[in-house]
Amino acid sequence: MAKILKLKDINKIYGDKIKTQVLFDINMDFEESTFNSIIGESGSGKSTLMNIMGTLDRATSGDVEINGINISNMNKNELAVLRNEFIGFIFQFHYLLPEFTVMENILIPYRIKNKNITKEAISRAEELMEIVGISKVKNNKATDISGGQQQRTAIARALINQPKIVLGDEPTGNLDSSTTEIVYDLLRDINQRYKTTFIIITHDKRVAEKADRIIEIKDGRIEMDISRKI
Ligand SMILES: Nc1ncnc2c1ncn2[C@@H]1O[C@H](COP(=O)(O)OP(=O)(O)OP(=O)(O)O)[C@@H](O)[C@H]1O
Ligand SMILES: [Mg+2]
């Protein structure tokens, strides 16, 4: 299978005067259309690693390759274009635009990429809303829906540009356990339907165990990396 994301000798040092190294020589590959989870104690470096994978932050040294492209020499604008095209993000706090409807929020990444909203985009948004179960509230403002519906809106938004990779940093961190289960089943469904690669940080053991692969980060190093036979 093709490697969709490669990390080579990634080191990250925060700070100028007082330097703190939080990632140490991380080497990792992710195969296309797999579902991966990242676990580890608070402060172990999970979000730092994910921000580097997602090109939101730069490593102090090392290389990141996305879909066969080494991003090390790309400038900010080039990274923004690549990110919008290849990567969907789902965070614990979903940062929906409160003044916009569910539908409008979902279409934002599409609008950034294409300027004009096409019929195809609208029908894709509708398909995604159907899959994540928020069709009924599509014209509600983002503030006028439940927490679980907001999280589903964020998931649909992450998928609107058909990204090859979806990165999630505790995407269900503020949901109750039954909603968490529903959201994960949803992500798995999307993973299989669209062959999207998922890399999800989670504190939830049950969630991690459902993944094809579990990576544990400890003190900025890979402590464990196990794959289920598929
Ligand atoms: N911008 C920053 N400047 C300096 N240190 C930072 C910065 N961001 C994170 N750190 C430190 O880097 C280490 C790793 O942080 P990171 O956010 O990656 O941890 P995490 O595994 O995501 O933790 P959590 O599970 O609590 O979200 C921590 O010690 C943290 O204090
Ligand atoms: Mg974190």
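Structure: above.
Residues numbered from 1 in each chain as written. Chains lettered and ligands numbered in written order. Predicted model: local features only at pLDDT ≥ 70, side-chain atom pairs only at ≥ 80, totals over all residues. Heavy atoms only, no water.

Engineer: Tell me about the sheet that holds strand S5 (residues 69-70), residues and numbers included.
Structural biologist: Taken in spatial order, the four strands make up an open sheet running S2-S1-S4-S5, and their pairing is antiparallel. If you trace the sheet from one side to the other, it starts and ends with strand S2 (20-31) and S5, each paired once. On the sheet, helix H1 (residues 46-53) packs against strand S1 (3-14), S2 and strand S4 (61-66) and is oriented at approximately 55° with respect to S2. (Pairing = 2+ DSSP bridges. Helix = DSSP H or I, 4+ residues; strand = E, 2+ residues; numbered from the N terminus. Contact = heavy atoms within 4.5 Å. Axes fitted to C-alpha atoms, helices over the stretch in contact; angles between N-to-C directions.)

Engineer: Could you give me a rundown of the side chain of Arg-157, with the residues and numbers involved?
Structural biologist: Within the secondary structure, Arg-157 sits in helix H5 (residues 147-159). Buried and without a salt bridge, Arg-157 has Glu-104 as its closest oppositely charged side chain, separated by 12 Å. Polar side-chain contacts of Arg-157 include one of 3.0 Å to the backbone oxygen of Tyr-95. Residues within four places of Arg-157 in sequence aside, it is in contact with His-94, Tyr-95, Leu-96, Asn-105, Ile-106 and Pro-109. (Buried < 20%, exposed > 50% of the residue type's maximum accessible area, 1.4 Å probe, protein only. Lys, Arg positive; Asp, Glu negative; His and termini not counted. Salt bridge = Lys/Arg side-chain N within 4 Å of Asp/Glu carboxyl O. Polar contact = N/O pair within 3.5 Å; in protein donor to acceptor, adjacent residues only side chain to side chain.)

Engineer: Got a sec to walk through the packing of helix H4 (residues 119-132) against H5? Specific residues and values, please.
Structural biologist: Angle between the axes and distance between the axes are the two parameters that describe a pair of packed helices. As a packed pair, H4 and H5 sit with axes 9 Å apart at the nearest point and diverge in direction by 140°. Taken together, the axes of H4 and H5 are oblique relative to one another. Pair H4 / H5 crosses with right-handed handedness. In this structure, H4 contributes Arg-124, Leu-128 and Val-132 to the contact, and H5 contributes Arg-152, Ile-155, Ala-156 and Leu-159. (Parallel < 35°, antiparallel > 145°, perpendicular 65-115°, else oblique. Left-handed = near helix turned anticlockwise from the far one by under 90°.)

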